[in-house]
Amino acid sequence: MTQSNKTRVSICTETLKQALGGTMKNAAAAGLALLFLSAPGALAQSLTPDQLQLPSDEFPAVPDIDRQVGAQGVDVVSGVFSTQSPTIAIGAPGAGGLSYSLLYDGVGMRHSVTGGIAQTGSSSFVVSFMGSAEEFSFVGGAYAPAEPSGSTLTYASGLYTYQTGDGSIVEFRTVPSGIGAVYGYDVAYVERFVAPNGQELSYTYTPGLTRIEYYQTPGGELCITDEGDGGNCQLADQFEAFFRLQSVSSNQGYLLQFEYELDTFAASYDDATARLAVDQWLQLNKVQAINLTEVWCAPTANQCAVGADWPHLEFDWVQNAQLTPEELTIRDALDNETVWTFDVQGQLTEIDWLTPSGVSRQASKTINYDAEGRVSSISQGGLSWTT
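The present account deals with the structure reproduced in this document. (Residues numbered from 1 in each chain as written. Predicted model: local features only at pLDDT ≥ 70, side-chain atom pairs only at ≥ 80, totals over all residues. Heavy atoms only, no water.)

## Observations concerning the overall build of the chain
- Each helix and strand in the chain was counted, giving three helices and 25 strands.
- Relative to its 387 residues, the chain shows a buried fraction of 49%.
- The contacts of the chain with a sequence gap of at least 6 include a subset with a gap of at least 24, amounting to 53%.
- Accessible surface, the chain: about 17100 Å² in total, of which carbon and sulfur atoms supply 49%. (Helix = DSSP H or I, 4+ residues; strand = E, 2+ residues; numbered from the N terminus. Buried < 20%, exposed > 50% of the residue type's maximum accessible area, 1.4 Å probe, protein only. Contact = heavy atoms within 4.5 Å. Areas by Shrake-Rupley, 256 points an atom, 1.4 Å probe, with all protein chains shown as cover.)

## Things to note about the side chain of Thr206
- Its location among the elements puts Thr206 in strand β15 (residues 200-216).
- For Thr206, a relative accessible area of 8% puts it in the buried group.
- With residues near it in sequence (within four places) discarded, Thr206 still touches Phe242, Phe243, Arg244, Gln246, Trp281, Thr300 and Asn302.

## A look at the sheet that holds strand β2 (residues 83-84)
- Strand order across the open sheet formed by three strands is β2-β5-β6, with antiparallel pairing between neighbours. The open sheet terminates on both sides in strands that have one partner only, identified here as β2 and β6 (109-111).
- Pairing between strand β5 (residues 102-104) and β6: three bridges, direction antiparallel. The residue of β6 that forms the bridge with Tyr104 is Met109. (Pairing = 2+ DSSP bridges.)

## Things to note about the state of the cysteines
- Counted according to the given criterion, the structure contains one disulfide.
- Residue pairing for Cys297: its cysteine sulfur links by disulfide to Cys304, the two sulfurs lying 1.8 Å apart. Between Cys297 and Cys304, the disulfide has an S-S torsion of 75 degrees and is therefore right-handed.
- A relative accessible area of 1% places Cys297 in the buried class. (Disulfide = S-S within 2.5 Å.)

## So, the pairing of strand β9 (residues 132-139)
- Judged from the six bridges that link them, strand β8 (residues 124-129) and β9 form a sheet pairing that is antiparallel. The partner of Ser124 across the bridge, within β9, is Ser137.
- The hairpin turn running from β8 into β9, its antiparallel successor, is two residues long, and Met130 in that turn takes a positive phi close to 50 degrees.
- Here β9 runs beside strand β10 (residues 142-145); their pairing, made up of four bridges, is antiparallel. Across the sheet, the residue bridging to Val139 is Ala142, located in β10.

## Focus on the environment of Tyr162
- Along the polypeptide, Tyr162 turns up in strand β12 (residues 159-163).
- Contact partners of Tyr162, with chain neighbours within four places excluded, come to Val127, Glu134, Phe136, Ser151, Thr152, Leu153, Ser168, Ile169, Val170 and Phe172.
- Within the structure, Tyr162 has its side chain in polar contact with the side chain of Glu134 (distance 2.6 Å). (Polar contact = N/O pair within 3.5 Å; in protein donor to acceptor, adjacent residues only side chain to side chain.)

## Quick word on the pattern of salt bridges
- Across all of its chains, the model carries eight salt bridges by this definition.
- Where Glu191 meets Arg173, a salt bridge forms, and the shortest distance between an N and an O atom there is 3.2 Å. Here Glu191, found in strand β14 (residues 188-194), pairs with Arg173, found in strand β13 (residues 169-174); they are 18 residues apart in sequence, far enough to count as distant.
- With its nearest N and O atoms 2.8 Å apart, the salt bridge here joins Arg331 to Asp316. Here the residue Arg331 occupies a position in strand β20 (residues 325-332), and Asp316 occupies one in strand β19 (residues 312-319), the gap between them amounting to 15 residues.
- Judged by its relative accessible area of 16%, Arg331 falls in the buried class. (Salt bridge = Lys/Arg side-chain N within 4 Å of Asp/Glu carboxyl O.)

## Comments concerning the nonpolar core
- Formed by 68 residues in total, the largest nonpolar core has its most connected members in Phe81, Tyr100, Phe258, Phe315 and Trp340.
- No other element matches the five residues that strand β17 (residues 254-260) contributes to this core.
- Counting residues in each nonpolar core, the second largest holds seven residues, with Phe265, Ala277, Val278 and Leu282 among its members. (Core = buried A, V, L, I, M, F, W, Y, C linked by side-chain atoms within 4.5 Å.)

## Points about unusual backbone geometry
- A positive phi is found at Met130, a non-glycine position, where the angle reads about 50 degrees.
- Structurally, Met130 can be placed in the loop between β8 and β9.
- One non-glycine residue, Ser157, lies in positive phi territory at about 55 degrees.

## What about the side chain of Lys286?
- Mapping Lys286 onto the fold places it in strand β18 (residues 284-291).
- With residues up to four places along the chain from it excluded, the contact list for Lys286 reads Gln257, Phe258, Glu259, His312, Leu313, Glu314 and Phe315.

## Concerning the environment of His111
- On the secondary structure map, His111 appears in strand β6.
- His111 sits in the buried class, given a relative accessible area of 0%.
- Separated by 72 residues in sequence, His111 and Tyr183 have C-alpha atoms that sit 9.1 Å apart.
- A polar atom in the side chain of His111 sits 2.7 Å from the side chain of Tyr100.

## Looking at the packing of aromatic side chains
- Using the criterion set out here, one finds ten aromatic pairs in the structure.
- Relative to Phe258, the ring of Tyr100 lies with its centre 5.5 Å away and its plane at 85 degrees, an arrangement referred to as edge-to-face. Here the residue Tyr100 occupies a position in strand β4 (residues 98-100), and Phe258 occupies one in strand β17, the gap between them amounting to 158 residues.
- By way of ring pairs, the aromatic residues Phe125, Phe138, Tyr143, Tyr155 and Tyr160 are connected into one cluster.
- Between Arg244 and the ring centre of Trp281, over which it is positioned, the NZ or CZ distance is 4.3 Å. (Phe/Tyr/Trp six-rings, centres within 6.5 Å; stacked < 30°, edge-to-face > 60°. Lys NZ or Arg CZ within 6 Å of the ring centre and 35° of its normal.)

This is the structure:
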């Protein structure tokens with residue numbers, strides 16, 4: 001028997017597309033998630049197959065309902081630091097135009113345009129969209145806002161409809177079975193937004209599917225190699241789906257298009273390369289804002305060569321061996337750079353603003369934390385602020 005101590009992963013978007021009835025638009029999003037696959041050499045014989053560490057969202061995205069952010073970007077209650085990248089925009093915001101920035105909220109990063117529904121208790125839910133959030137309780141077969149707001153939340157046929165007091169409507173599609181969470185939302189992900197003025201936003205996602213092959217005993221325990229358990233180990237597999245946001249389009253003819261490090265997978269990978277491949281498939285490289293009345297880019301396209309003149313942000317990631325970020329450089333259309341530096345806990349510790357030639361545009365900001373992860377002080381330009 002040939003020894004095989006490598007877990008193999010096959011990734012196929014077409015298989016998942018067929019499983020979803022041929023549609024990619026109604027898939028869920030995984031966006032900026034960095035994924036982890038455990039090395040088989042580290043697996044104990046007592047593990048069961050469902051404990052294989054397949055893709056999971058490393059960047060929680062559900063906003064804190066009670067967040068009270070002060071002038072320095074620190075929540076006065078939790079001590080969490082928040083900031084955002086430069087913003088790109090096209091058209092008139094609030095009147096059919098689109099804008100985008102990458103947000104850091106102390107526990108991770110998220111797109112400014114995403115949203116979803118997360119269950120936070122046995123009968124409590126948080127509905128979030130574009131950074132705002134509202135809590136609902138499910139009582140007597142209906143959803144009711146925790147605080148009087150004029151908002152409603154209803155569910156029918158896999159679709160949640162959230163209507164705010166001003167008449168805005170957000171539709172959320174139920175997260176498909178077998179997917180743990182989408183951008184941190186385990187109940188539903190945003191699919192469509194309709195503003196009172198008639199502006200509509202539609203979200204398009206690209207799906208991927210992982211197939212991981214492993215060996216297990218007849219009793220269902222994982223084998224380190226196919227020769228384990230006296231040669232009785234048998235080949236088995238399991239599947240996991242994951243998704244990424246591909247575009248956000250406006251009914252006024254504008255599009256936010258997302259590009260990633262990797263678009264096409266090989267037929268299969270061993271454990272040494274699978275984790276990196278999946279990570280690259282979800283690694284955001286660029287977001288650009290396009291006027292579709294002037295140039296065309298399909299909402300499902302992985303790449304759109306529309307020229308460098310359109311508003312855009314480019315993202316260069318430096319990661320450690322665990323594929324968690326150590327540094328992120330965000331470059332705008334003028335080649336100005338914003339550099340975020342992270343510590344080993346993933347906390348943002350420094351922000352630098354540089355010209356295209358590398359000269360500081362403004363003084364660097366340094367963020368220090370206490371042992372509990374709360375901001376203890378912030379310094380910039382010779383000035384210091386302490387909690």
